[in-house]
Amino acid sequence: MSKPRVLVTRAVFPDVIERLSQHFAVESNQEDLIFTPDELASRLQGKQGIFLTPSERISADLIDRCPGLKAICNMAVGYNNIDVDAATRAGIVVTNTPDVLNETTADFAWALLMATARRVTESEHWLRAGEWKKWRYDSFLGADVHGATLGIIGMGRIGQAVARRSTGFDMQVIYHNRRPIAPELEARANNARYVDKEELLRTADHVMLVLPYSAETHHTVGAAELALMKPGATLVNVARGGIVDDKALIAALREGRIAAAGLDVFENEPAFDPGFLALKNVVLTPHIASASEPTRRAMAECAEANLVAALSGKTPPNMLNPAAWPGRSN
Ligand code: 8YV
């Protein structure tokens, strides 16, 4: 029997391709070309599986054009790049890579929080530009992190990992979420207290965004929300572009309506709004919150395990749409 055919859309650790090749006829893309939707549809003809990243959009139209597809395996926890409902209607299993990146992403959220509040990158740019001629009592005064109130919007697994780290900083944690988390999880998350979004924005010294992107969470933070924040507050987004209205944020940062922002994700990334580059009070990183070597490997291996399971008739460990599974014959 011939091996199922799969497409790996982007460059990935070579050993992942080697292992996938034991199960599948693999079309890889180690040159890391960026495919247009038409190129993606054409490469998916005759394929049963796809191993992809959030850079590739799997729309209902693309799904219609790929009738042989059975498994869509994202190398990310977020899956807003995939029309899961359309996949379910077509009987295609969709998977993601949860949990393996919680702690690494939370570490990075803290790196951004510290860099943003304490003006790390801004002062480094100044030093590198040869501006450091003398010490001054008021050079790069920032906001304290210890003892402050941390407001987390999106209290899933990564949000809770962020909150747990705040105990050593003697912080108060407030959070907003679709619904409160269980009391024992609140207790582990530095006794986090559920509040409505408005109270969080008005009260927090540091606001952290850790929620999934969807039509409902589009522009969770826009001009109205930024206006509620304290003038000395900071905002960190490690979730997804589109959760923040970037134009409104640029205006708020430019006018000093909030102190600073730390951003790992942007609307239309990687073609983010150049208005950010003109601002000193923003720390900008290229969507690397999960980018530690062990975690990126774990994510790739998780997507690999999902693809192998899905195309060999075993329930994939991280199936997002069980409704697509009953009656499956591979
Ligand atoms: C990924 C992410 O690294 O998992 C997610 O949802 O945003 C990141 O961890 C990125 O999407 C590329 O795979």
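Residues numbered from 1 in each chain as written. Predicted model: local features only at pLDDT ≥ 70, side-chain atom pairs only at ≥ 80, totals over all residues. Heavy atoms only, no water.

**Concerning the state of the cysteines**
Structurally, a disulfide amounts to a covalent bond that connects the sulfur atoms of two cysteines. Per the counting criterion, the structure on display carries zero disulfides. Free of any disulfide, Cys66 has its nearest cysteine sulfur in Cys73, 14 Å distant. Taking relative accessible area as the criterion, Cys66 reaches 4% and is therefore assigned buried. With no disulfide of its own, Cys73 lies closest to Cys302 among cysteine sulfurs, the gap being 9.3 Å. For Cys73, a relative accessible area of 0% corresponds to the buried category. (Disulfide = S-S within 2.5 Å. Buried < 20%, exposed > 50% of the residue type's maximum accessible area, 1.4 Å probe, protein only.)

**Quick look at the site of the ligand**
Residues in close proximity to the ligand include Pro54, Met75, Ala76, Val77, Gly78, Leu101, Arg240, His287, Ser290, Arg296 and Met299, which together make up its full environment. The separation between an oxygen atom of the ligand and a polar main-chain atom of Met75 is 2.9 Å. Take Arg240: an N or O atom from its side chain is 2.6 Å from an oxygen atom of the ligand. When the ligand sits alone it has 320 Å² of accessible area, and the protein chains cover 86% of it. (Near = heavy atom within 4 Å. Polar contact = N/O pair within 3.5 Å; in protein donor to acceptor, adjacent residues only side chain to side chain. Areas by Shrake-Rupley, 256 points an atom, 1.4 Å probe, with all protein chains shown as cover.)

**Examining the nonpolar core**
Counting 48 residues, the largest nonpolar core has Phe51, Ile152, Met155, Val162, Met208 and Leu307 as the members making the most contacts within it. Where this core is concerned, the elements lending two or more residues are strand E1 (5-8), helix H1 (14-23), strand E4 (71-74), helix H5 (102-117), strand E6 (149-153), helix H7 (157-164), strand E7 (172-176) and helix H12 (293-310). Viewed by domain, this core spans two of them, domain 1 (5-98 + 293-324) and domain 2 (102-284), each represented by three or more residues. The contacts of Met208, once residues within four sequence positions are left out, are Ala109, Leu113, Leu150, Gly151, Ile152, Ile153, Val162 and Val236. Residues Ala248, Ile250, Ala261 and Leu279 belong to the second largest nonpolar core, which totals 29 residues. (Core = buried A, V, L, I, M, F, W, Y, C linked by side-chain atoms within 4.5 Å. Helix = DSSP H or I, 4+ residues; strand = E, 2+ residues; numbered from the N terminus. Domains from an automatic or database assignment. Contact = heavy atoms within 4.5 Å.)

As far as function goes, none of this settles anything; it's purely spatial.
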